[in-house]
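An overview of the molecular structure
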Amino acid sequence: MPLETASAVADKPPAAAPASRTEARERAARNRRLTVYGARVAVLVAFLGLWEVCARTDVIDPFNFSQPSRIWDQIWQWITHGTAQGSLGEQIGYTLYEALTGWVIGVICGVLLGIALGRVRFLADVFGPYIKVLNAIPRIVLAPIFLIWFGLGPASKVASAVVLVFFPVFFNAFQGAREVDRNLVSNARILGADGRKVTLQVVIPAATTWIFTSLHVSFGFALIGAIVGEYIGATKGLGLLVAAAQGTFNAAGVYAAMTILAVVALLTEGLLTFAETKLFRWKPADTGDGR
């Protein structure tokens, strides 16, 4: 081989191998996602199919346990003909309004108080016992009290959602403020940052991961608060659909309302996950392979 040719071959950068490895990793990740989605669909289809077969063959009582085909018929009837309380979209919107309002209020209060008590030891010492006592109260039992205070309107459901959302957000924000790297705080003070700047520019960004972790759980609690409040007493909402279906021994209606609620919760969870991904795009992705 001529010297010039050998030199050119030696100087050529080996770019093909890294590119092929990257493509292989992307292909493996894509295949894994497809496998996971396929397995999820297969599990759901198997469960619904087994349920339908057991109901049709009287292995389980279809009157009490209903069956997927009846549940779908009930949902389709609500979609096409509406419910006794109005259109299905109106019921979903009513429940979502109560849950979202309670969630926003509970998150804001939980974050503000959690950061404040996490930063100021005196406030934590004073209010800590009261918060622990309130957290020990089964908050679902407060729904009838809120119904007496605020009536059948959305305010009582919003209040139920707020008390369920507040505590998980508060404790995560409080712990996030306590877990901030002290070296970061010390460096910020050395650079001339006062207490307000340290809180806004160091503590809150550092606690954001903790706070977002609580948001996923807390919205489910907000939905629970709204549904329980509607179940006890309301004029509209998915909880009222559950109560009405139960009152007429309509198991398919109960399961249909639960199915709609689950779909709403999954869609909201997807939106939160998308927002978290965009906000924390700097974090390394979890490969999920256990390593």
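From a predicted model like this one, the values you see are computed outputs, not experimental measurements. Every chain's residues receive numbers from 1 upward, in the order its sequence appears when written. Only residues with pLDDT of 70 or above have their local features reported here, since the model is predicted, and side-chain atom pairs are shown and tallied only from 80 upward, although totals for entire chains, interfaces and linings are computed over all residues. Side-chain metrics in this entry use all non-hydrogen atoms of the structure; hydrogen atoms and water are not considered.

**So, the overall build of the chain**
Short version of the rule: Counting from the N terminus, the helices are DSSP H or I runs at least four residues long and the strands are E runs at least two residues long. Only protein chains enter the accessibility calculation, which uses a 1.4 Å probe. A residue is then buried if its area is under 20% of the maximum for its type, exposed if over 50%, and partly exposed in between. Any two residues having at least one pair of non-hydrogen atoms within 4.5 Å are treated as being in contact. Per-residue and other accessible areas were derived by the Shrake-Rupley procedure at a 1.4 Å probe size, with only the shown protein chains allowed to occlude residues.
Secondary structure assignment for the chain yields 12 helices and zero strands. Secondary structure elements in the chain, listed N-terminal to C-terminal, are α-α-α-α-α-α-α-α-α-α-α-α. When burial is assessed residue by residue, the chain has 35% of its 291 residues classed as buried. Contacts spanning at least 24 positions in sequence make up 73% of the contacts within the chain whose residues lie at least 6 apart. Element-wise, carbon and sulfur atoms account for 68% of the exposed surface of the chain, whose accessible area totals about 17900 Å².

**With respect to helix 11 (residues 238-247)**
Since one α-helical turn is 3.6 residues long, residues separated by three or four positions face the same way. Among the residues of helix 11, Leu238, Gly239, Leu240, Leu241, Val242 and Ala245 are the ones counted as buried. Note on helix 11: the residue one or two positions beyond its end, Phe249, has a positive phi of about 55°.

**Details of the side chain of Thr83**
For clarity, the cut-off: In protein, a polar contact requires one atom able to donate a hydrogen and another able to accept it; more generally it is a pair of N or O atoms within 3.5 Å, and residues adjacent in sequence count only if both atoms are side-chain atoms.
Within the secondary structure, Thr83 is located in the loop between helix 4 (68-81) and helix 5 (88-119). Among the polar contacts listed, one links the side chain of Thr83 to the backbone oxygen of Gly86, at a separation of 2.6 Å. Not counting the four nearest positions on each side in its chain, Thr83 is found in contact with Trp78, Gln91 and Leu241.

**Side note on the nonpolar core**
A general feature of soluble globular proteins is that nonpolar side chains tend to end up buried together. We apply this condition: Throughout, nonpolar core names a set of buried Ala, Val, Leu, Ile, Met, Phe, Trp, Tyr and Cys residues whose side chains join them through atoms within 4.5 Å.
Core analysis: the largest hydrophobic core is formed by 18 residues, its most contacted members being Trp103, Val107, Val165, Leu215 and Ala222. Where this core is concerned, the elements lending two or more residues are helix 5, helix 8 (154-178) and helix 10 (195-232). Take this core: its biggest share by element is eight residues, from helix 10. Residues within four places of Val165 in sequence aside, it is in contact with Gly102, Trp103, Gly106, Val107, Ser218 and Ala222. Formed by 15 residues, the second largest nonpolar core is a distinct cluster that contains Ile71, Trp78, Leu88 and Val254.

**Things to note about the packing of aromatic side chains**
Any pair of aromatic rings gets described here by the distance separating the centres and the angle formed by the planes. Put simply, the rule is: Two rings belonging to Phe, Tyr or Trp (six-membered ring only in the last case) form a pair when the distance between their centres is within 6.5 Å. Interplanar angles under 30 degrees mark stacking, angles over 60 mark edge-to-face geometry, and anything in between is tilted.
Inspection of the entire model under this criterion finds 12 aromatic pairs. Ring geometry for Phe170 against Phe171: centres 5.2 Å apart, planes inclined by 75°, an arrangement best described as edge-to-face. A relative accessible area of 31% means that Phe171 is categorised as partly exposed.

**Observations concerning the environment of Cys54**
With respect to the element layout, Cys54 can be found in helix 2 (residues 16-56). C-alpha separation for the pair Cys54 and Gln67, spaced 13 residues apart in sequence, amounts to 8.7 Å. Contacts of Cys54, omitting those with residues within four sequence positions, involve Val59 and Ile60.

**Here we look at the packing of helix 6 (residues 121-136) against helix 8**
The criterion, for reference: Note on geometry: axes are C-alpha line fits, over the in-contact stretch for helices, and angles between N-to-C directions span 0 to 180 degrees. Note on terminology: angles under 35 degrees are roughly parallel, angles over 145 are roughly antiparallel, angles of 65 to 115 are roughly perpendicular, and the others are oblique. Take the far helix as the reference: if the near one is turned anticlockwise from it by less than a right angle, the crossing is left-handed, and if turned clockwise, right-handed. Three classes are used: nonpolar for Ala, Val, Leu, Ile, Met, Phe, Trp, Tyr, Cys and Pro, charged for Asp, Glu, Lys and Arg, and polar for all others, with Gly counted as polar.
Close contact between helix 6 and helix 8 brings their axes to 12 Å; oriented N to C, the two are set at 150°. As summarised for this structure, helix 6 and helix 8 are arranged roughly antiparallel, according to the angle between their axes. Crossing of helix 6 over helix 8 shows left-handed handedness. Across from Arg121, Ala124, Ile131, Leu134 and Asn135 in helix 6, the residues of helix 8 making contact are Phe167, Phe170, Phe171, Phe174 and Arg178. Of the residues contributing to the contact of helix 6 with helix 8, the split by class is seven nonpolar, one polar and two charged.

**Quick look at the environment of Gln74**
Position of Gln74 relative to the elements: it lies in helix 4. When the C-alpha positions of Gln74 and Ala252 are compared, they lie 6.6 Å apart, and in sequence the two are 178 residues distant. Dropping the residues within four chain positions of it, Gln74 is found in contact with Asn250, Ala252, Gly253 and Ala256.

**Thoughts on helix 6**
To keep things clear, this is the line we draw: A helix is expected to span 1.5 Å for every residue after the first. Note that the bend at a residue is defined as the angle between axes fitted to the seven residues ending at it and the seven residues starting at it.
With 16 residues, helix 6 ought to run about 22 Å at 1.5 Å a step, and its terminal C-alpha atoms sit 22 Å apart, in line with that. Along helix 6, the largest kink reaches about 45° and is centred on Phe127; proline Pro129 follows within four residues of it. Of all the positions in helix 6, only Ala124, Gly128 and Ile131 are classed as buried. Buried residues in helix 6 make contact with helix 5 and helix 8.

Keep in mind that these numbers describe shape and distance, not what the molecule does.
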